[in-house]
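If you want the building blocks of each chain, they are given just below.
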Protein chains: 4
Amino acid sequence: MSDKKLYFVSDYMEGAHPNILKRLCETNYEHTEGYGLDRYSASAVERIREACGCQGAEVKLLVGGTQTNAVVIDAILRSYQGVIAPDSGHIAIHEAGAIERGGHKVLAIPSVQGKINAAQVENYVRDFQKDENHDHIVMPGMVYISQPTEFGTIYSRKELEELSEVCHRYHLPLYVDGARLAYALASKENDITLPDLASLCDVFYIGGTKCGALFGEAVVIPDPGLIPHFFPLIKQHGALLAKGRILGIQFDELFKDDLYRKIGESAIGYALRIKECLKEQGFSLYYDSPTNQILFIVNEEQMEQISRFAEYSFMEKYDENHVVIRFATSWATREEDVEMLIHHLSTMKKNMDQGKDEIGEEMS
Amino acid sequence: MSDKKLYFVSDYMEGAHPNILKRLCETNYEHTEGYGLDRYSASAVERIREACGCQGAEVKLLVGGTQTNAVVIDAILRSYQGVIAPDSGHIAIHEAGAIERGGHKVLAIPSVQGKINAAQVENYVRDFQKDENHDHIVMPGMVYISQPTEFGTIYSRKELEELSEVCHRYHLPLYVDGARLAYALASKENDITLPDLASLCDVFYIGGTKCGALFGEAVVIPDPGLIPHFFPLIKQHGALLAKGRILGIQFDELFKDDLYRKIGESAIGYALRIKECLKEQGFSLYYDSPTNQILFIVNEEQMEQISRFAEYSFMEKYDENHVVIRFATSWATREEDVEMLIHHLSTMKKNMDQGKDEIGEEMS
Amino acid sequence: MSDKKLYFVSDYMEGAHPNILKRLCETNYEHTEGYGLDRYSASAVERIREACGCQGAEVKLLVGGTQTNAVVIDAILRSYQGVIAPDSGHIAIHEAGAIERGGHKVLAIPSVQGKINAAQVENYVRDFQKDENHDHIVMPGMVYISQPTEFGTIYSRKELEELSEVCHRYHLPLYVDGARLAYALASKENDITLPDLASLCDVFYIGGTKCGALFGEAVVIPDPGLIPHFFPLIKQHGALLAKGRILGIQFDELFKDDLYRKIGESAIGYALRIKECLKEQGFSLYYDSPTNQILFIVNEEQMEQISRFAEYSFMEKYDENHVVIRFATSWATREEDVEMLIHHLSTMKKNMDQGKDEIGEEMS
Amino acid sequence: MSDKKLYFVSDYMEGAHPNILKRLCETNYEHTEGYGLDRYSASAVERIREACGCQGAEVKLLVGGTQTNAVVIDAILRSYQGVIAPDSGHIAIHEAGAIERGGHKVLAIPSVQGKINAAQVENYVRDFQKDENHDHIVMPGMVYISQPTEFGTIYSRKELEELSEVCHRYHLPLYVDGARLAYALASKENDITLPDLASLCDVFYIGGTKCGALFGEAVVIPDPGLIPHFFPLIKQHGALLAKGRILGIQFDELFKDDLYRKIGESAIGYALRIKECLKEQGFSLYYDSPTNQILFIVNEEQMEQISRFAEYSFMEKYDENHVVIRFATSWATREEDVEMLIHHLSTMKKNMDQGKDEIGEEMS
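Residues numbered from 1 in each chain as written. Chains lettered and ligands numbered in written order. Predicted model: local features only at pLDDT ≥ 70, side-chain atom pairs only at ≥ 80, totals over all residues. Heavy atoms only, no water.

(A) Structural context of the overall build of chain A. A count of helical and extended segments in chain A gives 15 helices and 13 strands. Going through the 364 residues of chain A one by one, you find that 64% of them count as buried. Look at the contacts in chain A between residues 6 or more apart in sequence, and 72% of them connect residues 24 or more apart. For chain A, the computed accessible surface area is about 13,100 Å², with 47% contributed by carbon and sulfur atoms. (Helix = DSSP H or I, 4+ residues; strand = E, 2+ residues; numbered from the N terminus. Buried < 20%, exposed > 50% of the residue type's maximum accessible area, 1.4 Å probe, protein only. Contact = heavy atoms within 4.5 Å. Areas by Shrake-Rupley, 256 points an atom, 1.4 Å probe, with all protein chains shown as cover.)

Written out as structure tokens, the structure reads:
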């Protein structure tokens, strides 16, 4: 039955939005320049600039998230500087030391549901400045956050404005990792637009890999003077795709006819329905995530029951008897799978209430 | 007319072999594990092991050539070691310092048509060992060559055996950059097979980007004990593709039904025909390349004439009045374009012999 | 009066033990080989091996502590590995990112009074191994501790044995930073000898800078196979002193006639007397340090009083009304200064008890 | 007899100028701040600024030459940049990859007797700029030369002005390695003063190790804005001496009462006398070095004869039957040794002319 299980493990487990594949096929025999100098990359850059309301922005298309973080952070920091980040940030944990490989310390500060706030950054910097030994300590040189965070939460515009204000006051470039940005932009609770990001951040990237592309992340630098010679830096990191057109075509499609927005909205819609169902069935949400990741708490029996009909991600232990698991929706989530998931969850609850265990039978 | 010009600029200017696109489309909605742990990657690895006659080999699929070189060289060398390479080698010139970014010096030795020989390596190592200051000098820690070279030339099996023998005698892992390996394997003059590479080298990579894939290079480590923990190393370099299936599918196709061989043979066949035509028309070859890159010498008038009907690569100045230019064929070269190129070259020669300049008219 | 103030700021504020200066003067015109190949370095190495009961040990003399930590950690770790360390460890805070410059993350774990224990290390490693994403996380590759710690506390032999056992079970080299080792060895509470260090650790260094030398740290590698080619590695880090004799002479003196032990004992004796006096006068010790650093708690008035007759180090805020300050003794501490300090502390207490403020008058 | 041999091997084989040792002894028990914040360092910096005619210069005292080169080059370059240097430059050969460890390629250009010229630099940069692939090539980011060079030759002011002009035209900081600067300054042929260096270079260092100090190199940055935050950068490189006073005292002495000049002049005077003698005795100079290193050509018999009474450095093979060897003088060279060397060289010549071999007897 494993093949037929409903699949809500994560948002990068399938290929790409069909529009992208279609365009790759149509353009396959065209000859283009390499290394991102092709017409598709140019068009994608133009569309992204427009979406960000920032005609002067430098936009570069890279392959993956860890790579993008390493390249951008390396480009901004001087060797003796580190990057302030939430202790749950991707760069602080899950990049196998890519930032340290570039010679930089990740200055982790405690996060709440993946977020840090302006006061924390200000305190960190002031403590650094006041420390009489600060010349012996890694100097904070920039700030990294994720939107949405690794927990699926989002910053409000007010929170981002405050962070931006502190960063600029202390001359710390603010960098936003938007690996799942489509899902933040489409969140009902979101009030940060792409133009807001362009005006409040110094660099951010628009995630492709988890938002409908085969791969690809679009780095946006609203003030292109921030990082001179970004091209050779990308090349030196092994992050320059020879056939840049493949990236160009993908982002050109994602930003044509509002596709990036639509991808986000569809995933968010499904996530909301699943969340509602979970609440109705009496599950406790780990927190009320506004994006495409739904983290909730189950006991062992529930987990076992759910595994019969759906695949999910294990997140962490909650207490002696409970764990946190995650359903994620994406551009690839299909309505019928969501319906079926809701059906199974309801049935499972009913059966458990009745002390029966009929799900297995029903599904076999 | 620019759009209609015949296009022989290089071998990575189009998309991918149609089989690859077809398979990407067919599998698009399947759910797979990320990071190369999917079934397509497993199948590709199996096919590559079989093609190399090396069931125990570790095979990893990376995205690009510069990236692959940086990852492999970093994995093998200790910090105080450098990599011996031809002075024309890709790592010595065109990787924007990716090897130095990893902390390693490229120990360039003079090459002839892109190649170095066993005696040169032995002399380098012996000079190092005899130097009483050798503890103050970068220690040679491995050897890098390309097959085919950046000039399109190839090593013979005898040459590779000699290099291999010296390398192993001095405990220097031998690494072969096979960015264009398909075209070496298919060369009429080639006598090195994939199993030969697996038995003579310590690491090599099978190029995808320039041989029919959208992107991708397959690293083969015949003795997997050579590089423990290669996975986190790849991740740390930002070289781990989230949707590893995209790489898996591509190499699975390239090594299914001998496609990699066929791609090479087709390109070589066209290159031979173009080379023959050039010789017949009295052009001097820069040297008699056995692979898909044809370098030849033209004067200014010839170059101008050729630009009317074909796009090519400029290589270097030859003398006051001549330059070296290159035609390259690839998996994407079409028969009709080769015919047309040969037709134009013949016509051009005839006209120039007659002191006329009718090509422009004919083509307009 | 500033010049006449009693000086207990730290243990590296003066020159060197007079024996060292004497020997430097006596040997000044001798000709020796450079880079540590001289006879004085050879003699120092021999004496250190003997003191450690480890004739086969590799011993290298470096210039400073941060440098030594960076060189040793770089030598041991592979690029994708990090170093487990107490969160209060020198490498975690006060080396300006020297470890990260080498590409390695400091895996900080919570410390108590500067120490971590075997269970913490074991838990860290097991959590890492159990994490299904561990290939995306920095791999623990070694363990760093300080003896004495940055707080002046020391590990007991039992604690070190436990750490050593866990480290070896998980194949993690154990490295001990002995910047102030003389003061640990001489502590009344210490039960770890140099031979113990040689048998329980994989690398440790014997501090010179803070223990009587102008500068210099002696790295001891009991099993010299652990770090092959350590010499070029040192050179590459810019850590190889051209006139290695200067290091050789210093350590030769420090390990002649038990000088290193005597230096430690003298400082510890003075520290104990000061500690006793502080206790008698009713000061609260921050904790009961067994080495040459005495941390105690004062209110604002006390601090102001003390600054009239002595210089000390400010450590940290204790609470709203109190701070922690430090007196440190060293090889350079003179008996008369200790007597005078005790006298002033007693007088100060008496006066404060009487509500008077006569210290200023007395001293002016 | 080995002990009694005349010793002209190099200029860093003894301790330090006696003034330095004297001052170290006198100040030994003074308490000073650490890390170069002491009064002696301040005084040394002031004297160096004055000697350079550059009151605003930033001056930092580091420990060794390789270290200084690595720190300065790292401080100036961005990650994708390399340093242009003579192929015989110290950083290109004898620093065990310290520059590459910092991530930078040494862009070696052919040198003549250790020197490169302005036209070479200009051509290198223009070739880079004209190369249509220059974004894939390491960008030249600064220029490194040595004064005197590793061969003992010196740049003239005209040559330096030309280099400086080209460098500034192309925005390449010019850095001069002055490991043996005292001997260039004192050369009869020299017309470059310290103020000239301060006005023509962007950074240079005044060598201490080879010019009378126990160790130490003084980095001078005429425009302190060039390298912000140089202090933490030095610390991060492990190049910050805890007891900075040791460096301060040494450079304070070297720049007091013109000692640095006197040290140079004395060595140059002796070198000239030895050179004259060699010429008179019919030896061929490898070239006519204007500084303290005398390279000359000997056959096997001559080399054997010389080894009986003097120690020298072997430089390189000259032809089948001859080698190049070197005598070096220094601050530590004594008049009587020079006299004795001249005596032996003359006697040796006489005896060889007479076909006799009496040197051994005479000396035994």
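Moving on from the coordinates now.
(B) Seen up close, helix α11 (residues 245–254) of chain D. Of all ten residues in α11(D), ten are buried, a share of seventy percent or more. Here the buried face of α11(D) lies against α1 (18–26), α2 (39–51), β2 (58–62), β7 (203–207), β8 (217–221) and α12 (259–280) of chain D.

(C) Examining the interface of chain B and chain A more closely. Chain B puts 45 residues into the contact, and the matching count from chain A is 45 residues. Interface of chain B and chain A: buried area, both sides summed, is about 4,200 Å²; carbon and sulfur atoms make up 58% of it. Considering only the side of chain B, the residues that lose the most area to chain A are His31(B), Arg101(B) and Lys243(B), jointly responsible for 19% of the buried surface there. The salt bridge involving Arg101(B) is made with Asp74(A); its shortest N-O contact spans 3.0 Å. Linking chain B with chain A are 29 residue pairs in polar contact (both at pLDDT 80 or more). Among the secondary structure elements, those contributing two or more residues to the side of chain B that touches chain A are α1 (18–26), α3 (65–76), α5 (98–101), α10 (230–236) and α11 (245–254) of chain B. At four residues, α1(B) tops the list of elements feeding residues into the side of chain B that touches chain A. Of the residues that constitute the side of chain B that touches chain A, the class distribution is 22 nonpolar, 15 polar and eight charged. (Buried area = accessible area lost by both parts, 1.4 Å probe. Salt bridge = Lys/Arg side-chain N within 4 Å of Asp/Glu carboxyl O. Polar contact = N/O pair within 3.5 Å; in protein donor to acceptor, adjacent residues only side chain to side chain. Nonpolar A, V, L, I, M, F, W, Y, C, P; charged D, E, K, R; others polar.)

(D) Summary view of the interface of chain A and chain D. Between chain A and chain D, the contact holds 20 residues from the first and 20 residues from the second. Carbon and sulfur atoms supply 53% of the area that chain A and chain D bury against each other, a total of about 1,700 Å² over both sides. It is Arg78(A), Tyr80(A) and His136(A) in chain A that bury the most area against chain D; as a group they hold 34% of the surface buried on that side. Counting the contacts that link chain A with chain D gives zero salt bridges. Between the two partners, chain A and chain D, sit four residue pairs in polar contact (both at pLDDT 80 or more). Within the residue set of the side of chain A that touches chain D, elements represented by two or more residues are α3 (65–76) and α10 (230–236) of chain A. Considering each element in turn, the side of chain A that touches chain D owes the most residues, five residues, to α10(A). Tallied by class, residues from the side of chain A that touches chain D come to eleven nonpolar, five polar and four charged.

(E) A look at the relation of the copies chain A and chain D. Expressed as a screw operation, the relation of chain A to chain D combines 0.0 Å of axial shift with a rotation of 180°, fitting to an RMSD of 0.0 Å. Such a combination of rotation and displacement between the chain copies is what one expects of a two-fold axis. Considering only C-alpha atoms, the part of chain A nearest the rotation axis is Arg78(A), at 4.1 Å. Interface overlap between copies is the fraction of interface residues in one copy that are interface residues in the other; for chain A against chain D it reaches 100%, indicating a shared surface. (Least-squares fit on C-alpha atoms with pLDDT ≥ 70 in both.)

(F) Examining the relation of the copies chain B and chain A more closely. Turning chain B through 180° and shifting it by 0.0 Å along the axis lays it on chain A, with an RMSD of 0.1 Å. By residue overlap, the copies meet face to face through one surface: 100% of the interface positions of chain B are interface positions in chain A.

(G) Spotlight on the packing of helix α2 (residues 39–51) of chain B against α11(B). Residue and element names in this part refer to chain B. Direction vectors running N to C along α2 and α11 enclose 35°, while the axes themselves pass 7 Å from each other. Judged by the sense of rotation from one axis to the other, the crossing of α2 with α11 is left-handed. The residues of α11 that touch α2, namely those facing Tyr40, Ser41, Ser43, Ala44, Arg47 and Ile48, are Arg245, Gly248, Ile249, Phe251 and Asp252. When the residues that make up the contact of α2 with α11 are grouped by side-chain class, the tally is five nonpolar, three polar and three charged. (Axes fitted to C-alpha atoms, helices over the stretch in contact; angles between N-to-C directions. Left-handed = near helix turned anticlockwise from the far one by under 90°.)

(H) Structural view of the environment of His343(B). Mapped onto the elements, His343(B) comes out in helix α14 (residues 335–353). Taking C-alpha positions, His343(B) is 9.2 Å from Cys277(B), a pair spaced 66 residues apart along the chain.

(I) Region of interest: the pattern of salt bridges. Per the counting criterion, the structure on display carries 112 salt bridges over all chains. The shortest N-O distance in the salt bridge between Arg334(C) and Asp337(C) comes to 3.6 Å. Owing to a relative accessible area of 34%, Arg334(C) belongs among the partly exposed residues under this scheme. Between Arg261(D) and Asp258(D) there is a salt bridge, with its nearest N and O atoms 3.1 Å apart. Looking at Arg261(D), the relative accessible area reads 39%, which means it is partly exposed.

(J) Representation of the packing of aromatic side chains. Scanning the entire structure with this criterion turns up 42 aromatic pairs over all chains. Among the aromatic side chains, those forming a connected cluster through ring pairs are Phe8(A), Phe283(A), Phe296(A) and Phe327(A). (Phe/Tyr/Trp six-rings, centres within 6.5 Å; stacked < 30°, edge-to-face > 60°.)

(K) Examining the state of the cysteines more closely. In the structure shown here, the tally under the stated rule is zero disulfides over all chains. Looking at the unpaired Cys167(A), the closest cysteine sulfur is the one in Cys201(A), lying at 9.0 Å. (Disulfide = S-S within 2.5 Å.)

(L) How the structure looks around the sheet that holds strand β9 (residues 284–285) of chain D. Residue and element names in this part refer to chain D. Pairing is antiparallel across the open sheet formed by four strands, whose spatial order is β9-β10-β13-β12. Each edge of the open sheet is held by one strand with a lone partner, namely β9 and β12 (313–317). Two strands pair when backbone bridges link them, and β9 and strand β10 (residues 293–299) are joined in this way by two bridges, in the antiparallel orientation. Of the residues in β10, the one forming a bridge with Leu285 is Phe296. Against the sheet, α12 engages β9, β10 and β13 (322–328), with an angle of about 20° to β10. (Pairing = 2+ DSSP bridges.)

(M) Inspection of unusual backbone geometry at higher detail. Residues and elements named next belong to chain A. Residue Gln147 is joined to Pro148 through a cis peptide bond whose omega torsion reads -5°. Here Pro148 lies in the loop between β5 (139–146) and α7 (157–169). The residue Asp257 is not glycine, and still its phi comes out positive at about 50°. Relative to the helices and strands, Asp257 resides in the loop between α11 (245–254) and α12 (259–280).

(N) Region of the structure containing the side chain of Thr333(B). All names here are of chain B. With respect to the element layout, Thr333 can be found in the loop between β13 (322–328) and α14. Exposure remark for Thr333: the relative accessible area of 13% places this residue in the buried category. Among the polar contacts listed, one links the side chain of Thr333 to the backbone nitrogen of Ser330, at a separation of 2.7 Å. In this structure, Thr333 is in contact with Phe8, Tyr270 and Val338, ignoring residues within four places of it in sequence.

(O) Fine view of the packing of helix α6 (residues 118–130) of chain B against helix α7 (residues 157–169) of chain B. All names here are of chain B. Closest axis-to-axis distance for the α6/α7 pair is 8 Å, and the angle between their directions is 20°. Between α6 and α7, the angle is such that the two are roughly parallel. Handedness of the crossing formed by α6 with α7: right-handed. Facing Ala118, Val121 and Glu122 of α6, the residues of α7 in contact are Glu162, Leu163, Val166 and Arg169. Taken together, the residues of the contact of α6 with α7 break down into four nonpolar, no polar and three charged. (Parallel < 35°, antiparallel > 145°, perpendicular 65-115°, else oblique.)

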